[in-house]
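Each chain, written out:
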Amino acid sequence: MSLLAAIIAQTVRLGIRAGGGALVGLIFFLAVVAVVPFGVGPDLNLLSRIGPAILWIGVLLASLLGLERLFSADREDGSLDLYIASGEPIVLLVLGRAVGHWLATGLPIVVAAPVLGLMLNLSPVALGAVTLTLFAGSPALTFIGAVGAALTAGLQRGGMLIAVLVLPLSVPVLIFGVMATNGAVYDPDPFTAPFLILCAFSLGSAVLAPLAGALALRVAME
Amino acid sequence: MSLLAAIIAQTVRLGIRAGGGALVGLIFFLAVVAVVPFGVGPDLNLLSRIGPAILWIGVLLASLLGLERLFSADREDGSLDLYIASGEPIVLLVLGRAVGHWLATGLPIVVAAPVLGLMLNLSPVALGAVTLTLFAGSPALTFIGAVGAALTAGLQRGGMLIAVLVLPLSVPVLIFGVMATNGAVYDPDPFTAPFLILCAFSLGSAVLAPLAGALALRVAME
Amino acid sequence: MRQKPARPKKNAMSVVNQLANPTRFLSLSARILPWLAAASAAVLAIGLWLALFVAPPDYQQGDSVRIMFVHVPAAWLAMFCYTLMALSSIGSLVWRHPLADVSAKAAAPIGAAFTFLALFTGSVWGKPMWGTWWVWDARLTSVLVLFIMYLGLIALWRAFDDPGRAGRVAAVLTLVGFVNIPIIKFSVDWWNTLHQPASVMRLGGPTVHPSMLWPLLIMAVGFTLLFLTLHLAAMRTEIFRRRVRAAQMRAAVQPAASVGRAVAAHG
Amino acid sequence: MTHAGFILAAYLVSALVVGGLVAWIVLDGRAQKRKLAELEAEGIGRRGRGEGGT
Amino acid sequence: MVNPVNRFPRIRVEADALSCTRGGRAIFRDISFSIGAGRMLAVTGPNGAGKSSLLRIMAGLLEPAGGRLEFRAESGSAEEAESPVHYLGHLDGLKPAMSLRENLRYWCRIYDRPAGQDDLEAATGRLGIGHALDLPVGVFSAGQRRRAGLARIMLAPRPVWLLDEPTSALDRDGEATLGKLMDEHLQSGGVIVAATHLDLPVRADLTLDMAVPA
Amino acid sequence: MVNPVNRFPRIRVEADALSCTRGGRAIFRDISFSIGAGRMLAVTGPNGAGKSSLLRIMAGLLEPAGGRLEFRAESGSAEEAESPVHYLGHLDGLKPAMSLRENLRYWCRIYDRPAGQDDLEAATGRLGIGHALDLPVGVFSAGQRRRAGLARIMLAPRPVWLLDEPTSALDRDGEATLGKLMDEHLQSGGVIVAATHLDLPVRADLTLDMAVPA
Ligand code: HEM
Ligand SMILES: Nc1ncnc2c1ncn2[C@@H]1O[C@H](COP(=O)(O)OP(=O)(O)OP(=O)(O)O)[C@@H](O)[C@H]1O
Ligand SMILES: Nc1ncnc2c1ncn2[C@@H]1O[C@H](COP(=O)(O)OP(=O)(O)OP(=O)(O)O)[C@@H](O)[C@H]1O
Ligand SMILES: [Mg+2]
Ligand SMILES: [Mg+2]
């Protein structure tokens, strides 16, 4: 337990420290969301209709791209070697890093989402719904992304490759996230079912992703 | 001239070789564009309306994120040192790397765009227009992005930071790209003027970006 | 003991050179700072009193026009601050002026804060006036882009651990951004005039009545003084931070500069 | 006053942001000065054997 | 906590016909040795002979392509749950953005040997980096970084030390300290396996020369 | 093309009161020397003394904080447009994904000295990596990589060689080859400045010992 706490604490600290990725992730999210209207046009009705989707895609990209250095940094500075040589289970390393990353990067983005939602002219209900679903679903994105980060730990060109590996896996999360949000806003659509599925994704990936990630790191060692 | 050709050729070769970024960039583009319909919902009219914007935003993200290693690889393996010590102008290195990167990564994405446009229910005219405007405008994105890559060459965590630095600067390209596309499709809107401006952006950035990038590389040497 | 690099460019500008001495800057700014702080407090107090209690409500906008007295100065300073950073960047790239780096770095968070204030007060004003917190209007989006540029600069600064390198790299970005701002403004203008829904009200409105103009101008002066105070104080902090860093490095790595003399191999 | 809530919010947040900025700059300045004094007390201040720096 | 005797079990390390393949290429084969508590094995050989690869296998970082490797408790003491090895490779496993103190604390928590203020100061002081405890490791010179890696090993006693080119980046004084640390470790019943192509500050009891077969 | 005499102008390198500041810290000051064609300067000193920094200044990779550095043609020959220096640092400037042949070709084009098949084979053959011409450089061992860096220098003759720890990663045989190459370069009127803390395979004519004053 102390081991896991140590890993999480270190990850959070490295993230929010100068040079860490937490701030950059937040600004990236802001920039991506702000850039969309320049393409789509300033029509507020249209924006409020696709707003939840924009926010979800923004969170998706920000979480995936920020994961780039999650394990490759450990590999490059040798701490992955030392951790493995220490004999502690790699699963805990993956779990701790993922949780820490979500706390440092994912959570601030979720908190910032409603502010950006205002700019996309979302209704108060939609704002609440999108924040709630992001809160429930973004851990799944981080966990899935962590598997990608573990797979690419040994490679130079991390960022985009992670996204490519992981985007297909994250699409279901995205779909249910947007579905649940719309369910809360438009009456006939269901909210509870997709929301529960979203929570299930997060919980399931919290269990499975560390296992898969540990395997990937092990294999990438060589 | 032979110098520039050598740099361009090497960049293209490194890009399309296994482990290079060209394929990954293409897949990233596919993935990002394919994710949008899941988020927005399967409304074909809506999709065809915002289709050009989605394609443009996808190209924007794919070009920015792929630039991450453009100069940081040169810095890490020491070839930037050797190039500068060789006494040749750094401007040519930046120009060559940017052109090579566009040939290896940007061009395939532009070629793939109409295929994805089909999925977004674009009309034939819109398909042609979006391809043409992307062809004219994507070099500007690469050149502007190259400045960002040069600025962050000395840093470990390039990808997302480049995007953050460069997204605000690329807004004009995006605006005129989408505007020209819509101009070709919807009758009252103008096409020629925004299209010419787009071309001007590409040409202008081809001149200015290498200068700024060379300055950034030079200044970051230390 | 301090050794000045013999740079011909610098010798040509002896006035700047004098100010380039951080120690001189520190003593000078220490003397100015209290006065500047007092002045900004006084002017702001007068301005606030005028703005909140003296200025009449607008015949169209009612009392909400009072938001203008913070909104407009904040917006002006947001732009002024970026201009200052661009000038400092020229200083640090062309003359390698050590204070120019410091000035640009110290200004960025302050500029970001004022830009945020302009955005926030604008939104809060927009809700009663336009019925929405945000529209993708040309001027608003330009300010938003400016805000993102400030944040990007701050992130870039934080990403380097060597302040000298960070300063020069950020200077390049600041200048590139400065060249781009007119382009962004102009393209956003055009973008918006093409697509703008008719419902959105034009900014500016009727020409400002003197009873509002005076409080506005006084508030603007107050904000400018406040900005200068904060900037000066932040610059001092930044100089101290660099001295701390340099001292720590010296302590950790190597006590003093090496010297050496070439000698012929014996025999 | 009409729109009192909005006006209050605007002025309050402005005060908070400016106040926060002032507090940050003052506290940060004090912290750096203190650190420098500590280092100088240990004899490794800028008038140590080294030179240079800003 | 820093009592030098019996902080760890006495262990014998045995390798039997180990072989190693990397990237589809056979690096070495048929490496066997056996080394008991309080003794040191030096692994030598030209560049690319596979010294580092052997150490990585022993640290559990590489799978051997064949053969057997065993860490056996010499006294019949119960099996320990934790791994018996400390690995000191080319990389030091320190986070550049964190201070030396934070880095060492982190590793102590990973090794589950909570280190007090005093332990940290004693270990780093001995290695001549005590004054740098609160500096970010990123500004360290290569030699200081190496010393920080040694401090990590000192803080959590384990019986087997695997040292890959331990003297690299150390100046004369650092080498002397390393020699003393290695001596003490052997004295208290530890095992050292060190790969090197330079002289080591401590005489090895056994040498494994990994020449490339002609 | 590979005619060893007069492939480049005879050059004298002069440094006058050079000083260097990195990260706000003074690294060295008052470094002066003058070295003519056919001679070699060895730069020595402890870790962190600033040897590499001096070489980087000479290669144009760092701005000196003060002082003057000059490459002067000894014979009154016209000013050359191209830079007179070759720099061999810790990094070899090779793209891991490309073959040795492609890498060398690339540098020859950058240096504007088109190298034929034969030149490539001669140079790499001499350095013992001729068989690896078509292997990706990524799989090279550290020593092979170093040799590839030397091949790059051999293929494009330039008068001033700046070598930073040139023997590092080379085994005995590689060191001997390096010694021969350096000798030939000096013989044909080149200048060598080599930073090292080990012995060099060639006796230096001049030694610059960089140290912190007591
Ligand atoms: C988030 C929303 C807003 C932003 C980002 C914003 C931004 C700006 C900027 C940058 C300026 C300075 C322009 C210049 O001096 O050239 C400005 C001035 C001004 N703004 Fe806003 N504004 C916003 C909302 C509003 C609203 C809702 C109103 C009133 C209905 C308003 C009224 C004014 C007025 C009266 C001026 C000064 C007159 C002038 O210089 O043209 N603004 N604003
Ligand atoms: N990841 C890898 N994939 C494939 N081959 C590798 C890998 N790492 C090392 N090798 C090869 O394995 C061989 C042995 O490498 P190793 O690092 O063990 O040598 P070493 O004896 O430690 O040499 P040195 O004295 O240079 O440290 C080398 O020829 C090297 O090219
Ligand atoms: N990028 C940098 N920023 C700040 N300081 C640096 C930087 N690079 C090196 N230094 C410092 O400059 C000093 C000299 O470094 P340099 O690499 O020149 O030493 P060296 O004599 O080559 O040492 P070595 O024998 O270890 O190669 C060192 O104290 C080092 O910490
Ligand atoms: Mg080795
Ligand atoms: Mg060196």
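See the structure printed just above.
Here we summarise the structure given alongside this text. Here the residue index of a chain counts from 1 through its sequence in written order. By the order in which they are written, chains take letters starting at A while ligands take numbers starting at 1. Owing to the predicted nature of the model, reporting of local features is limited to residues with pLDDT of at least 70; listing and counting of side-chain atom pairs is limited to 80 or more, with chain, interface and lining totals taken over all residues. Computation of side-chain values covers all heavy atoms of the structure but excludes hydrogens and water.

**Here we look at the coordination of the iron atom of ligand 1**
Selection criterion: Ligating atoms shown are N, O and S within 2.8 Å of the metal, or 3.2 Å for Na, K and Ca, and water is not included, meaning a site may look less than complete. Every helix listed is a DSSP run of H or I at least four residues long, and every strand listed is a run of E at least two residues long, numbered separately from the N terminus.
Inspection of the coordination sphere of the iron atom of ligand 1 shows a single protein donor, His-71 of chain C (NE2), at 2.1 Å. Following the sequence through the fold, His-71 of chain C ends up in helix H4 (residues 68-94).

**Considering the site of ligand 2**
The test is simple: Any residue with a non-hydrogen atom lying within 4 Å of a molecule or strand is treated as near it. We define a polar contact as two N or O atoms separated by no more than 3.5 Å, with the added condition that, inside protein, one atom must be a possible hydrogen donor and the other a possible acceptor, whereas residues neighbouring each other in sequence contribute only through side-chain atom pairs. The nonpolar class holds Ala, Val, Leu, Ile, Met, Phe, Trp, Tyr, Cys and Pro. Asp, Glu, Lys and Arg form the charged class, and all remaining residues, Gly among them, are polar.
Near ligand 2, the surroundings consist of 13 residues, among which Gly-48, Gly-50, Lys-51, Ser-52 and Ser-53 of chain E are the closest. The site occupied by ligand 2 is bordered by residues of chains E and F. At a separation of 2.7 Å, an oxygen atom of ligand 2 approaches a polar side-chain atom of Lys-51 of chain E. Separating an oxygen atom of ligand 2 from a side-chain N or O atom of Ser-52 of chain E is a distance of 2.6 Å. Mapped onto the shell around ligand 2, the elements with two or more residues apiece are strand S2 (25-35) and helix H1 (51-58) of chain E. Looking at the shell around ligand 2 element by element, the count peaks at three residues for H1 of chain E. Split by residue class, the shell around ligand 2 holds three nonpolar, seven polar and three charged.

**Some remarks on the packing of helix H1 (residues 2-16) of chain B against helix H6 (residues 90-119) of chain B**
All names here are of chain B. Inclusion rule: Comment: axis = line fitted to C-alpha atoms, over the contacting stretch for helices; angle = value between 0 and 180 degrees taken between N-to-C directions. Roughly parallel here means an angle under 35 degrees, roughly antiparallel means over 145, roughly perpendicular means 65 to 115, and every remaining angle is called oblique. Helix crossings fall into two classes, left-handed where the near helix is turned counterclockwise from the far one by less than a right angle and right-handed where it is turned clockwise. Residues are treated as being in contact if the distance between any of their heavy atoms lies within 4.5 Å.
Two elements in contact, H1 and H6, have axes whose closest approach is 8 Å; the angle formed by their N-to-C orientations is 40°. Considering their axes alone, H1 and H6 lie oblique with respect to each other. Considering how the two elements wind past one another, H1 and H6 form a crossing that is right-handed. Contacts between H1 and H6 involve Leu-3, Leu-4, Ile-7, Ile-8, Gln-10, Thr-11, Val-12, Gly-15 and Ile-16 from the former and Leu-92, Leu-93, Leu-95, Gly-96, Arg-97, Val-99, Gly-100, His-101, Leu-103 and Ala-104 from the latter.

**Examining the pairing of S2 of chain E**
Counted only if it meets this: Strands qualify as paired when DSSP identifies two bridges or more between them.
In this structure, strand S1 (residues 11-22) of chain E lies alongside S2 of chain E, joined through seven bridges in antiparallel fashion. Looking across to S2 of chain E, one finds that Arg-22 of chain E is bridged to Arg-25 of chain E.

**Examining the arrangement of the chains**
Where the 10 pairs of chains in contact are concerned, the greatest contact count is recorded for chains C and D. Where chain B comes nearest to chain E, the C-alpha atoms are still 12 Å apart, and the two do not contact one another.

**Some points on the sheet that holds S2 of chain E**
Residue and element names in this part refer to chain E. Spatial strand order, S2-S1-S4: three strands in an open sheet with antiparallel pairing. At either margin of the open sheet sits one strand with a lone partner, and together these are S2 and strand S4 (66-73). Mean inter-strand twist for the sheet, computed between neighbouring axes without regard to direction, equals 15°.

**Let's talk about the interface of chain A and chain C**
Just so we agree on the cut-off: Two parts placed together each lose some accessible area; with a 1.4 Å probe, that loss summed over both constitutes the buried area.
At the junction of the two partners, chain A supplies 20 residues and chain C supplies 19 residues. The largest share of the area that chain A buries against chain C comes from Phe-38, Pro-42 and Met-119 of chain A, three residues that together contribute 38% of it. There are three residue pairs in polar contact (both at pLDDT 80 or more) connecting chain A and chain C. Listed by contribution, the elements that provide at least two residues to the side of chain A that touches chain C are helix H2 (22-40), helix H3 (44-66) and helix H6 (90-119) of chain A. Sort the elements by how many residues they give to the side of chain A that touches chain C and H2 of chain A lands first, with eight residues. For the side of chain A that touches chain C, the residue count by class is 16 nonpolar, three polar and one charged.

**Points about the site of ligand 1**
All names here are of chain C. As a structural note, the neighbourhood of ligand 1 is formed by 16 residues, with His-71, Trp-76, Leu-119, Trp-125 and Arg-139 the closest of them. Measuring from a nitrogen atom of ligand 1, one finds a side-chain N or O atom of His-71 at 2.8 Å. Contacts to ligand 1 include Arg-139, whose side-chain N or O atom sits 3.3 Å from an oxygen atom. At the level of secondary structure, the elements contributing two or more residues to the shell around ligand 1 comprise H4, helix H5 (98-130) and helix H6 (138-159).

**Section: the sheet that holds strand S6 (residues 160-164) of chain E**
Residues and elements named next belong to chain E. With respect to topology, five strands assemble into an open sheet ordered S5-S6-S7-S3-S8, the strand pairing being parallel. The outermost strands of the open sheet, each flanked by one partner alone, are strand S5 (85-88) and strand S8 (206-209). Averaged over all pairs of adjacent strands, the angle between strand axes in this sheet comes to 15°, irrespective of strand direction. Alignment of strand S3 (residues 40-44) against strand S7 (residues 191-195), held across four bridges, turns out to be parallel. If you follow Ala-42 over to S7, its bridge partner there is Ala-194. Sitting on the sheet, helix H4 (residues 142-155) is in contact with S5 and S6, with an inclination near 175° to S5.

**Overview of the side chain of Ser-187 of chain C**
Tracing the chain through its elements places Ser-187 of chain C in helix H7 (residues 163-195). A distance of 2.8 Å separates the side chain of Ser-187 of chain C from the backbone oxygen of Ile-183 of chain C, its partner in a polar contact.

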